[in-house]
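# Architecture and fold: a report
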Amino acid sequence: MGKDVIIACDFNGKKEVFDFLDKFTEEKPYLKIGMELFYAEGPEIVREIKKRGHKIFLDLKLHDIPNTVMKAMKVLSNLDVDMCNLHAAGTIAMMEAAIKGLTREDGTRPMLIAVTQLTSTSQERMQEELLINEKIEDVVVKYAENAKVAGLDGIVCSPLEAAFVKENCGKEFITVTPGVRFADGEVGDQVRITTPEKAKEIGSDYIVVGRPITQAEDPVAAYRRCVAEFVG
Ligand code: C5P
């Protein structure tokens, strides 16, 4: 499994996305489509981007009863995405149902990864509002282990958690990590960040990079720099 840079296509409409993608005349970057773009444009945006030859990580973070997730995953699988995700909080039964829904008749399926605790959830909020009293790092590892038991391929986590997750779930368990910034770049609203080079050292398999590429003066150059630093 090769390492790759995934560009977070956080645009709110089709025109913005295609104006951005038109800049890439030589490469076909792996793209992440999130809720904003998917809900604005519907599944057709996935088909159109796929037709242009990009791999797609559809970041919709499903969380519902197992039967509903199974059926929704079947739809996503037919959309021919390459990676999708769900909340590990939905339990092992929900994650197993998701795998079942995703698996096509020929046995192939998109990669499936789990969100553990969102990086926006603090230890304090988790305890007071969700009544989870364990340490947040332990919760992340437990959810990652559950995802592995259910047969998922890996998790989304902060690059700073990637090494820890690999230690507990094995080297083959994939880590997809946002929160990446160039050493000389703007941080924006991200807090726990790392550079592409450092993410490589820590052992991330995929880095998800948004604004450092999408808002760069030269997005293609920024993408190439990311690939050079992360993939080598
Ligand atoms: O622009 P930036 O590089 O911060 O974009 C990171 C992308 O990864 C965004 O789409 C953001 O929603 C997503 N993400 C994140 N942190 C998480 C999960 C997803 O930044 N814990």
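So, here's what we can say about the structure. (Residues numbered from 1 in each chain as written. Predicted model: local features only at pLDDT ≥ 70, side-chain atom pairs only at ≥ 80, totals over all residues. Heavy atoms only, no water.)

### Re the nonpolar core
Let me state the cut-off plainly: To form a nonpolar core, buried Ala, Val, Leu, Ile, Met, Phe, Trp, Tyr and Cys residues must be joined to one another through side-chain atoms within 4.5 Å. In this scheme, a residue with accessible area under 20% of its type's maximum is buried, one over 50% is exposed, and one in between is partly exposed, where area comes from a 1.4 Å probe on protein chains only. Going along the chain from the N terminus, every DSSP run of H or I of four or more residues is numbered as a helix, and every run of E of two or more is numbered as a strand. Every residue pair with non-hydrogen atoms within 4.5 Å of one another is taken to be in contact.
Counting 62 residues, the largest nonpolar core has M73 and L86 as its most contacted members. When residues of this core are assigned to their parent elements, the largest contribution, six residues, is made by helix 7 (residues 136–149). Non-local contacts of M73, meaning those with residues more than four positions away in its chain, are made with L62, C84, N85, L86, A98, G101, L102 and L112. With 13 residues, the next largest nonpolar core counts M111, I113, Y206 and V208 among its residues.

### Overview of the state of the cysteines
Cut-off, in case you're wondering: Disulfide: a pair of cysteine sulfur atoms within 2.5 Å of each other.
With the rule as written, the count across this model stands at zero disulfides. Note on C157: no disulfide assigned, nearest cysteine sulfur contributed by C169 at a separation of 9.7 Å. Judged by relative accessible area, which is 4%, C169 ranks as buried.

### Digging into the environment of P212
Relative to the elements of secondary structure, P212 occurs in helix 10 (residues 211–214). Residue classification places P212 among the buried positions, given a relative accessible area of 15%. Not counting chain neighbours up to four residues away, the residues in contact with P212 comprise V180, R181, F182 and A222.

### As for helix 11 (residues 219–230)
In plain terms, the rule: By definition here, a helix of n residues has an expected span of 1.5 Å times n minus one.
Between its first and last C-alpha atoms helix 11 spans 16 Å; for twelve residues at 1.5 Å apiece the expected length is 16 Å, and the two agree. Of the positions making up helix 11, those classed as buried are P219, V220, A222, Y223, C226, E229 and F230. Where helix 11 is buried, its residues contact strand 1 (4–8), helix 1 (14–21), helix 9 (196–202), strand 8 (206–209) and helix 10. G232 sits one or two positions beyond helix 11 and adopts a positive phi of about 90°.

### Section: the site of the ligand
Selection rule: If even one non-hydrogen atom of a residue comes within 4 Å of a molecule or strand, that residue is called near it. Whenever two N or O atoms come within 3.5 Å, that pair is a polar contact, provided that in protein one can donate a hydrogen and the other can accept it, and provided that, for residues adjacent in sequence, both atoms are side-chain atoms. In this description, accessible areas are obtained by the Shrake-Rupley approach with a 1.4 Å probe, and a residue is regarded as covered only by the protein chains that are shown.
Close to the ligand lie A8, D10, K32, T119, P178, R181, Q190, V208, V209, G210, R211 and P212, which account for all nearby residues. For the ligand, an oxygen atom lies 2.8 Å from a polar atom in the side chain of R181. In this structure, an oxygen atom belonging to the ligand sits 2.7 Å away from a main-chain N or O atom of R211. When the free accessible area of the ligand is taken as 460 Å², the share hidden by the protein chains comes to 80%. Secondary structure elements with two or more residues in the shell around the ligand: strand 8 and helix 10.

### Concerning the pairing of strand 4 (residues 83–87)
The following threshold applies: In this scheme, strands are said to pair when DSSP sees at least two bridges between them. When the strands point away from the viewer, a crossover counts as right-handed if the route from the first strand across the helix to the second turns clockwise.
Of all five residues in strand 4, five are buried; the element is thus mostly enclosed. Residues M83, N85 and H87 line one face of strand 4 and the alternating positions C84 and L86 line the opposite face, and both faces are buried. Relative to strand 4, strand 3 (residues 56–62) is paired through three bridges, and the arrangement is parallel. If you follow L62 over to strand 4, its bridge partner there is L86. Traced from strand 3 through helix 4 (residues 66–78) to strand 4, the parallel crossover comes out right-handed.

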